[in-house]
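Listed below, chain by chain, are the residues.
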2 protein chains.
Amino acid sequence: MPVDAMSDTARAVQLFHALSDETRVGIIEMLESGERCVCDLQDTLNAAQSRLSFHLRVLKDAGIVTDRREGRWSYYELNRDAFDEAESILKELRPRARRTTARGDVCCG
Amino acid sequence: MPVDAMSDTARAVQLFHALSDETRVGIIEMLESGERCVCDLQDTLNAAQSRLSFHLRVLKDAGIVTDRREGRWSYYELNRDAFDEAESILKELRPRARRTTARGDVCCG
DNA sequence: AAACTAAATCAACGATTATTGATATGTCAA
DNA sequence: TTGACATATCAATAATCGTTGATTTAGTTT
């Protein structure tokens, strides 16, 4: 499903899912300082080519990275918007009030 | 593994994994406004008892919720610290520089 | 063109995660 | 103390996700 045809919850799930894998976090850490080509990532992360490609696709589908092709190389870069989005989703999920259920209340009436 | 005996990356993965499921996001949304008992969650989210219990445990293991027992009921509440933590992890993963690879650079030398 | 390279995709398998129904544990009420 | 209830845990199954090796797609070099 395209990102913009997704419920808020589905989008949250997609974003956080993309962030919930060691290899992908490793990729993101490598891209923190700027754009990298796939072969660089491969060497440094010590990941088989198709494995890396798989994770890059998950990140790309989630909008966390963008890619550009230059000759026979592909370069990947982090997308700030996705991080803004994740942060704002987190803020929405954050607890608001201190407590609403008074101790001693009955539930399951 | 206990949360405090975990690498930064492993912790990031655990937190984001806990956030990457529709049912769990649903639970979090219900807890935004304060503490709730399990039976409330069950009714509203329309989830089988053991299923809910499973997801609550994932959230609890990740430190996203805390629980307390009162008589035969269990109450769950969001833990602000986990949200702070997730936010700060997100900030660390965020891109720093604009671009380091100049166009036309060669890689895979 | 032919050979070579970087990267994406695919199919098969293995691993992890989620769901379900059954059972266990602790608490309350009759 | 017996029965009902709320929740947790467990074992089996189903579904999803990640890995691997092979193949495909482009682009480059000779």
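Here, every reference points to the structure presented above.
Below: a short report on this structure. Keep in mind the model is a prediction, meaning the values are calculated, not measured. (Residues numbered from 1 in each chain as written. Chains lettered and ligands numbered in written order. Predicted model: local features only at pLDDT ≥ 70, side-chain atom pairs only at ≥ 80, totals over all residues. Heavy atoms only, no water.)

Considering the pattern of salt bridges
Here is step 1 of the chain: Counted by the stated rule, this structure contains 22 salt bridges over all chains.
Here is step 2 of the chain: Here A:K91 and A:E87 are joined by a salt bridge, their closest N and O atoms 3.4 Å apart. Separated by four residues within a single helix, A:K91 and A:E87 lie in helix α5 (residues 80–93), roughly one turn from each other.
Here is step 3 of the chain: A relative accessible area of 12% places A:E87 in the buried class.
Here is step 4 of the chain: Linked by salt bridges that have partners in common, A:D84, A:E87, A:K91, A:R94, B:D84, B:E87, B:K91 and B:R94 make up one network. (Salt bridge = Lys/Arg side-chain N within 4 Å of Asp/Glu carboxyl O. Helix = DSSP H or I, 4+ residues; strand = E, 2+ residues; numbered from the N terminus. Buried < 20%, exposed > 50% of the residue type's maximum accessible area, 1.4 Å probe, protein only.)

A few points about the protein's contact with DNA strand C
Here is step 1 of the chain: The full set close to DNA strand C counts 21 residues, and A:Q49, A:S53, A:Y76, B:S50 and B:H55 are the nearest of them.
Here is step 2 of the chain: Of all atoms in DNA strand C that approach within 4 Å of the protein, 71% are sugar or phosphate atoms.
Here is step 3 of the chain: In this structure, A:C39 approaches DNA strand C through a main-chain N or O atom, which is 3.0 Å from a phosphate oxygen.
Here is step 4 of the chain: Secondary structure elements with two or more residues in the surface near DNA strand C: α3 (38–45), α4 (49–61) and β3 (73–78) of chain A together with α4 (49–61) of chain B.
Here is step 5 of the chain: Here the residues of the surface near DNA strand C sort into six nonpolar, eight polar and seven charged. (Near = heavy atom within 4 Å. Polar contact = N/O pair within 3.5 Å; in protein donor to acceptor, adjacent residues only side chain to side chain. Nonpolar A, V, L, I, M, F, W, Y, C, P; charged D, E, K, R; others polar.)

Some words on the protein's contact with DNA strand D
Here is step 1 of the chain: Around DNA strand D sit 21 residues, and of these A:S50, A:H55, B:Q49, B:S53 and B:Y76 come closest.
Here is step 2 of the chain: Of all DNA strand D atoms lying within 4 Å of any protein atom, the proportion belonging to sugar or phosphate reaches 66%.
Here is step 3 of the chain: Contact distances for DNA strand D include 3.1 Å between a phosphate oxygen and a backbone N or O atom of B:C39.
Here is step 4 of the chain: Here B:S74 contributes a backbone N or O atom positioned 3.3 Å from a phosphate oxygen of DNA strand D.
Here is step 5 of the chain: Only α4 of chain A together with α3 (38–45), α4 and β3 (73–78) of chain B provide two or more residues apiece to the surface near DNA strand D.

Here we look at the side chain of A:R24
Residues and elements named next belong to chain A.
Here is step 1 of the chain: Take R24: it is sitting in helix α2 (residues 22–31).
Here is step 2 of the chain: D21 provides the closest opposite charge to the buried, unpaired R24, separated from it by 4.4 Å.
Here is step 3 of the chain: Setting aside residues no more than four positions away along its own chain, R24 makes contact with H17, A18, F54, H55, V58 and L59. (Lys, Arg positive; Asp, Glu negative; His and termini not counted. Contact = heavy atoms within 4.5 Å.)

What about the nonpolar core?
Here is step 1 of the chain: In terms of nonpolar packing, the biggest core is built from 58 residues, with A:F16, A:I28, A:I64, B:F16, B:I28 and B:I64 touching the most fellow members.
Here is step 2 of the chain: Contact partners of A:I64, with chain neighbours within four places excluded, come to A:L15, A:A18, A:L19, A:I28, A:L59, A:E77, A:L78, A:N79, A:A82 and A:F83. (Core = buried A, V, L, I, M, F, W, Y, C linked by side-chain atoms within 4.5 Å.)

A look at the environment of B:L59
Here is step 1 of the chain: Within the secondary structure, B:L59 sits in helix α4.
Here is step 2 of the chain: On a C-alpha basis, the gap between B:L59 and B:L15 in space is 8.5 Å, while along the polypeptide they are 44 residues apart.

Here we look at the interface of chain A and chain B
Here is step 1 of the chain: Residue-level contacts link 48 residues of chain A with 48 residues of chain B.
Here is step 2 of the chain: Considering only the surface of chain A that becomes buried against chain B, A:E32, A:R80 and A:L93 emerge as the three largest contributors, covering 14% of it.
Here is step 3 of the chain: Taken together, the connections running from chain A to chain B amount to eight salt bridges.
Here is step 4 of the chain: Linking chain A with chain B are six residue pairs in polar contact (both at pLDDT 80 or more).
Here is step 5 of the chain: Put simply, the parts of the chain that give the side of chain A that touches chain B at least two residues each are α1 (8–18), α2, β1 (36–37), β2 (65–70), β3 and α5 of chain A.
Here is step 6 of the chain: Here the side of chain A that touches chain B gets nine residues from one element, more than from any other, and that element is α5(A).
Here is step 7 of the chain: Grouping the amino acids of the side of chain A that touches chain B by side-chain chemistry returns 20 nonpolar, eight polar and 20 charged. (Buried area = accessible area lost by both parts, 1.4 Å probe.)

Let's talk about the pairing of β3(B)
All names here are of chain B.
Here is step 1 of the chain: Most of β3 sits inside the fold, with five of its six residues counted as buried.
Here is step 2 of the chain: Both strand β1 (residues 36–37) and β3 contribute to a ladder of two bridges, which runs antiparallel. Residue pairing across strands places R36 opposite Y76, the latter belonging to β3.
Here is step 3 of the chain: Bridge analysis of strand β2 (residues 65–70) against β3 gives six bridges, and the strand direction is antiparallel. Pairing of R69 across the sheet is with S74, part of β3.
Here is step 4 of the chain: Linking two consecutive strands that pair antiparallel, namely β2 and β3, is a turn of two residues; a positive phi of about 60° is found at G71 within it. (Pairing = 2+ DSSP bridges.)

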